[in-house]
Amino acid sequence: MPVEVGNLEWLTMDIKNPDKGPSLRTGHSLCVVGLPNNPKAVIIGGCTADGVVNEVWNLKLGVEMLEWESPNIGQPDKAPAPRWRHTATLLPGGKSIFVFGGMDRQKRYDDCFLLGTEKFRWTIPEVSGQIPAPRANHSATLVGDKLYIVGGYGGVGFSRVMFNDVHVMDCNTFEWTKVATTGTAPDPRANHVTVLVHEQLFVLGGRSFTDVYDDMYVFDLEEAKWSKDAAVTTAEPVYNHTGIACMAVPTWKAFFYGGRQGDRKSTRLNSSHSQDLV
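Residues numbered from 1 in each chain as written. Predicted model: local features only at pLDDT ≥ 70, side-chain atom pairs only at ≥ 80, totals over all residues. Heavy atoms only, no water.

1. Thoughts on the overall build of the chain
- Helices and strands together make up the secondary structure of the chain, namely zero helices and 27 strands.
- For 278 residues, the compact-globule estimate of 2.2 N^0.38 gives 19 Å, and the C-alpha radius of gyration of the chain, at 18 Å, lies within 12% of that figure.
- Overall, the C-alpha framework of the chain stretches about 45 × 45 × 35 Å when taken along its three principal axes.
- Here the chain holds 278 residues, and 46% of them are scored as buried.
- Within the chain, contacts between residues separated by at least 24 positions form 49% of all contacts whose residues are at least 6 apart in sequence.
- Roughly 14500 Å² of accessible area belongs to the chain as shown, and the carbon and sulfur atoms make up 51% of that amount.
- Here the chain carries 27 positive and 31 negative side-chain charges, and the mean point of each set is 7 Å from the other. (Helix = DSSP H or I, 4+ residues; strand = E, 2+ residues; numbered from the N terminus. Rg over C-alpha atoms; globule rule 2.2 N^0.38 Å. Buried < 20%, exposed > 50% of the residue type's maximum accessible area, 1.4 Å probe, protein only. Contact = heavy atoms within 4.5 Å. Areas by Shrake-Rupley, 256 points an atom, 1.4 Å probe, with all protein chains shown as cover. Lys, Arg positive; Asp, Glu negative; His and termini not counted. Charge placed at Lys NZ, Arg CZ, Asp CG, Glu CD.)

2. Points about the pattern of salt bridges
- Going through the model one piece at a time under the given rule, you end up with seven salt bridges.
- Where glutamate 55 meets arginine 25, a salt bridge forms, and the shortest distance between an N and an O atom there is 2.7 Å. Of this pair, glutamate 55 sits in strand 7 (residues 51-61) while arginine 25 sits in strand 4 (residues 25-26), and the two are 30 residues apart along the sequence.
- Judged by relative accessible area, which is 16%, arginine 25 ranks as buried.
- Its salt-bridge partner being aspartate 111, residue arginine 83 comes within 2.7 Å of it at the nearest N-O pair. Taken as a pair, arginine 83 in the loop between strand 8 (65-69) and strand 9 (87-90) and aspartate 111 in the loop between strand 10 (96-100) and strand 11 (112-116) lie far apart in primary sequence, 28 residues in all.
- Via salt bridges that share partners, Asp145, Lys146 and Asp170 belong to a single interconnected network. (Salt bridge = Lys/Arg side-chain N within 4 Å of Asp/Glu carboxyl O.)

3. Quick word on a nonpolar patch on the surface
- On the surface, Leu30, Val32 and Leu35 cluster together into a nonpolar patch covering about 290 Å² of accessible area.
- You can see leucine 30 is positioned in strand 5 (residues 29-33). (Patch = residues over 30% accessible without salt bridge, like charges linked within 9 Å, V, L, I, M, F, W, Y side chains within 5 Å.)

4. Some points on the state of the cysteines
- If you walk through the whole model with that rule in mind, you get zero disulfides.
- Free cysteine cysteine 31: the closest other cysteine sulfur is in cysteine 171, separated by 12 Å.
- Free cysteine: cysteine 112, not disulfide-bonded; nearest cysteine sulfur from cysteine 171 at 11 Å. (Disulfide = S-S within 2.5 Å.)

5. Side note on unusual backbone geometry
- Omega for the bond connecting leucine 35 with proline 36 falls within 30 degrees of zero, at 0 degrees, which places this linkage in the cis form.
- By the secondary structure assignment, proline 36 is in the loop between strand 5 and strand 6 (40-48).
- Phi is positive for glutamine 75, which is not a glycine, with a value near 50 degrees.
- Positionally, glutamine 75 belongs in the loop between strand 8 and strand 9.
- Glutamine 75 sits in the partly exposed class, given a relative accessible area of 23%.
- Even without being a glycine, histidine 198 presents a positive backbone phi close to 55 degrees.
- Inspection of the secondary structure puts histidine 198 in the loop between strand 20 (193-197) and strand 21 (200-204).

6. Description of empty space enclosed by the protein
- Overall, the coordinates contain one cavity of 30 Å³ or more when judged by the stated rule.
- Considered as a void within the structure, the largest cavity measures approximately 40 Å³ in volume.
- Lining the largest cavity, in full, are Val150, Gly151, Phe163, Asn164, Pro186, Asp187, Arg189, His192, Val203 and Trp226.
- Elements with a contribution of two residues or more to the lining of the largest cavity: strand 16 (146-154) and strand 17 (161-170).
- Tallied by class, the residues present in the lining of the largest cavity amount to five nonpolar, three polar and two charged. (1 Å grid on protein atoms, 1.4 Å probe; cavity = no way out; pocket = protein on both sides within 12 Å on 5 of 7 lines; lining within 4 Å. Points joined across faces, edges and corners; volume = space filled by probe spheres on them. Nonpolar A, V, L, I, M, F, W, Y, C, P; charged D, E, K, R; others polar.)

7. As for the packing of aromatic side chains
- Inspection of every chain in the model, using the stated rule, returns eight aromatic pairs.
- Between phenylalanine 98 and phenylalanine 174 the ring centres are 6.2 Å apart and the planes differ by 20 degrees, which places this aromatic pair in the stacked class. Taken together, the residues phenylalanine 98 in strand 10 and phenylalanine 174 in the loop between strand 17 and strand 18 (175-178) connect sequence positions 76 residues apart.
- A relative accessible area of 1% places phenylalanine 98 in the buried class.
- Relative to tryptophan 176, the ring of phenylalanine 98 has its centre 6.4 Å away and its plane inclined at 50 degrees; by these criteria the two rings are tilted. Here phenylalanine 98, found in strand 10, pairs with tryptophan 176, found in strand 18; they are 78 residues apart in sequence, far enough to count as distant.
- When its relative accessible area of 1% is taken as the criterion, tryptophan 176 is described as buried.
- An aromatic cluster is defined as three or more aromatic residues linked by ring pairs; in this entry it consists of Phe98, Phe100, Phe174 and Trp176.
- The aromatic ring of tyrosine 153 is capped on one face by arginine 108, whose charged end is 5.4 Å from the ring centroid. (Phe/Tyr/Trp six-rings, centres within 6.5 Å; stacked < 30°, edge-to-face > 60°. Lys NZ or Arg CZ within 6 Å of the ring centre and 35° of its normal.)

By themselves, these are just geometric observations and shouldn't be taken as functional.
Here it is, written out as structure tokens:
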């Protein structure tokens, strides 16, 4: 059900083979690949009624009709272990999807995987540097040829840690660096949303062990400096939502959808809202 941004109208799309698609799940990732000629939404992993999985599914994005397909996976022995709450990012050039982190029912991960978008073949990149601690429910944002990881929930072994750190990976060398930040950082959190506008990351909402947030923080990439945008809050504290930034006139806009609102036992949302970003 894509949205026409001009008038925010929901449109219902038909699926050619709804009985051939993935089972109900949560905590999976989704990347759109193959633009503009052969677009597909690639779904990886998630938590189903039968447990955590590492399946890969494609949804062919036709103009009039959508269609599920289960691709033949190359080198399945190099696939990630079943997981959810990971991130998957289409790397520059569009030839591979980079999967980082996530969790299963007993473990949080800090490992990295590549899935080719043409032959759907798994490989394991040789990463180096200051690799982020194991985590899930973090955000991953591509900025040019750099990938920024912000926050999340995890820790080594049986530790339980909420993070507010920032790591960056060079997509050419797969070298990680922990960013030395300044300014007023957000409280450690997970299940937040991060969007990119110009050279700034905007972080909205999320949760900690005890709180759910309605605030927005801005991370300046050139200065590696945090600041709080006190003028922007959500109607209610929200987490597990999604968001995207879009170029608009006269300012950029960020659109946010769904999630859970209020305290951590509150109802799920299907509402959306927008925010002007300079």
